[in-house]
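Descriptive analysis of the structure
These are the residues of each chain, in order.
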Amino acid sequence: MGIHTFRDHKLERGEEIEQELLGTIEGSRFSIIVFSERYADSKCCLGELTKIMECKKEKDQIVIPVFYHVDPSDVRKQRGSVGKAFVKHETNTDEEKVKRWRAAMIEATNIGGWHVIKDNGYESKPIKEIIHFIFKRLKPKLLPIEEHMVGLKLRLEKLKSILNIHMGDICVVGICGIGKATVAKMVSNDILCHFNGGSFLEDVKSRSKYHSDKLRLLQELLRDIQGVANLELNNISEGVDMIKDRLKSQKFLIVIDDVDHWDQVQTLIKSCVWFAPGSRIIVITRDKRLLEICQMDESSEIEVLLYEANALSNEESIKLFSQYAFKQDVPEVDHINLLDRMVKYAQGHPLALKVLGSSLYGKTIDEWENELDKLKNSPKKEINDLFRISIDKLNYFEKEVFLTLLVFFKETDKDFVLRILDSCDLYATCGMLALLDRCLITIVDIEVQMHDLIQQTGCAIVCEEYPKDPSKWSRLWDPNDIDNAFSAKMMKKIETISVDLSRSKEIQFTSEMFTKIKKLRLLKVYYNDHHCLTRKKDKIRLPIDFEFPPNLRYLH
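Residues numbered from 1 in each chain as written. Predicted model: local features only at pLDDT ≥ 70, side-chain atom pairs only at ≥ 80, totals over all residues. Heavy atoms only, no water.

One open sheet holds the 3 strands; their spatial order is E9-E11-E10, and the pairing between them is antiparallel. The open sheet has two edge strands, strand E9 (412-413) and strand E10 (442-444), and neither has a second partner. Of the pairings in the sheet, the one linking E9 to strand E11 (residues 447-449) comprises 2 bridges and is antiparallel in character. Opposite Thr 412, over in E11, you have Val 448 as the bridge partner. (Pairing = 2+ DSSP bridges. Helix = DSSP H or I, 4+ residues; strand = E, 2+ residues; numbered from the N terminus.)

Right under this line is the structure:
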């Protein structure tokens with residue numbers, strides 16, 4: 001890729017600007033303005049400067065000022081030889097024209113550029129830096145995105161409409177939901193060419209724990225927006241000052257990935273008003289509540305807009321799954337029934353569809369059946385790890401609400417659930433909000449719902465410490481595990497039991513049995529059989545002298 005340049009070397013100083021040059025300025029993507037000692041003496045140079053700044057405003061032209069053997073503050077404040085030149089122009093030039101020249105110079109010198117100091121080493125160094133800066137903007141380094149992309153075109157267009165890059169304001173957009181990072185990378189690749197530079201900072205949460213981590217993040221941000229590969233910082237304050245100075249001069253696209261506290265954003269960018277008009281900041285988070293709090297903050301300098309990425313539709317899910325399972329966009333006919341079950345299991349989650357599809361490529365129908373049976377009890381590790389990140393961020397009370405919901409109150413009226421959980425002193429309202437914000441549950445028509453994959457991950461957490469000893473779990477829901485636990489001598493940790501009688505053998509509860517589970521708070525005994533095909537009488541027996549445990553809050 002070449003850079004085609006135009007230089008006005010044929011024009012004598014003081015001449016009027018030719019139409020050819022005006023057209024060239026309008027058609028350029030970059031303008032390099034070299035402010036020298038005698039720059040302001042030339043009316044032609046000042047006319048070009050005015051035209052360049054008009055193109056910056058109207059055509060998003062990128063302007064690069066170079067202060068060649070002059071002090072940038074003298075040029076900006078129009079002192080010394082620059083001031084004298086303007087005084088002279090005021091005696092023989094239209095007053096309004098001189099005012100436009102002055103305003104254009106002030107605007108141009110407020111843009112971050114290069115200062116070439118006289119007798120300060122080789123001048124080839126800033127020249128190389130400027131060339132590198134331009135090449136980087138002409139052909140920005142794109143973020144890696146997976147080959148198979150399904151259903152993201154509409155999501156991309158929706159996010160672009162929210163960002164509205166043609167508006168001259170400063171905009172902050174928070175992204176949450178399913179597939180958020182992928183959509184953010186796509187939009188960054190698509191619109192980066194409209195900015196003077198950009199930075200995509202990944203895994204900010206895990207890279208913000210220590211002072212040295214924060215310093216490295218600042219260095220990465222500065223290297224990206226300045227185009228300097230070997231920049232080193234001594235301390236955070238130095239980095240913040242440099243970022244402030246750089247951001248105000250040109251418009252940038254900054255993407256900050258995996259944020260769970262707004263302080264992580266503010267460590268990098270103390271104030272959104274530092275940014276030049278037209279800049280865009282994208283914040284990616286698992287915590288929707290974090291973005292909503294920022295939206296409600298009346299003291300905030302800039303409004304935070306929200307984009308929530310939704311799960312794939314059934315049609316999109318089938319296409320994505322087929323690309324990995326069959327290496328084509330449509331499924332094979334003899335696998336359709338099994339495919340429907342796999343797609344239902346993934347419930348529109350792109351990662352789940354990719355992991356499942358990849359694991360089944362080239363497998364027989366019997367192997368598919370076997371995999372489905374395994375998934376009922378043991379989700380894929382990659383899927384488990386994805387949801388585990390959000391669950392591990394919950395505090396004690398929020399996690400207790402989550403674990404109770406997943407085995408006890410899934411698909412239950414929200415207000416009813418809140419009353420029961422509040423009776424267990426779990427601060428249920430706050431807990432449920434936290435689960436909603438982290439997309440671990442949804443509320444559909446007042447009913448609490450949870451993705452099956454998230455439920456499986458939660459169940460795995462309950463079992464993980466003692467996988468073969470259910471008597472030491474805090475929750476019980478599987479009939480076989482319940483039967484095994486009841487045969488143990490002690491069940492000190494069990495807090496909730498949910499028994500589906502349609503899947504269990506006859507159960508006989510005794511007072512003696514419940515003396516072993518003194519922490520039991522919730523007991524649910526039910527038939528999951530809407531058509532009454534398997535219901536039998538007397539599957540649960542209570543003796544006459546039966547006594548419930550003292551801490552029981554709910555019996556169903």
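Counting 72 residues, the largest nonpolar core has Phe 321, Trp 368, Phe 402, Leu 405, Phe 409 and Ile 497 as the members making the most contacts within it. For this core, the leading source of residues is helix H18 (residues 396-409), giving 8 residues. For Trp 368, the residues in contact, after removing those within four places along its chain, are Phe 321, Ala 325, Phe 326, His 335, Leu 338, Leu 339, Met 342, Leu 360 and Lys 363. One finds Ile 170, Val 240, Ile 243 and Val 304 within the second-largest nonpolar core, a separate group that totals 35 residues. (Core = buried A, V, L, I, M, F, W, Y, C linked by side-chain atoms within 4.5 Å. Buried < 20%, exposed > 50% of the residue type's maximum accessible area, 1.4 Å probe, protein only. Contact = heavy atoms within 4.5 Å.)

Moving on to the pattern of salt bridges. Applying the stated criterion to the full structure yields 25 salt bridges. For Lys 160, the salt bridge identified is with Asp 190, shortest N-O distance 2.6 Å. Taken together, the residues span a long stretch of sequence, with Lys 160 in helix H7 (residues 152-163) and Asp 190 in helix H8 (residues 180-191) at a distance of 30 residues. You can call Lys 160 partly exposed: its relative accessible area is 26%. Judged by relative accessible area, which is 35%, Asp 190 ranks as partly exposed. One salt bridge in this structure joins Lys 414 and Asp 415, with 3.3 Å as the shortest N-O distance. Residue Asp 415 is classed as partly exposed on the basis of its relative accessible area of 43%. Taken together, the salt bridges that share partners define one network made up of Glu 400, Arg 475, Glu 495, Lys 519 and Arg 521. (Salt bridge = Lys/Arg side-chain N within 4 Å of Asp/Glu carboxyl O.)

Moving on to the sheet that holds strand E13 (residues 496-500). Spatially, E12-E13-E15-E17 is the arrangement adopted by the 4 strands of the open sheet, whose pairing is parallel. Edge positions in the open sheet fall to strand E12 (475-476) and strand E17 (554-555), since each of these has one partner strand only. As judged from the 2 bridges shared by strand E15 (residues 522-526) and E17, these two strands associate in the parallel manner. Among the inter-strand pairings, Leu 523 is bridged to a residue of E17, identified as Leu 555.

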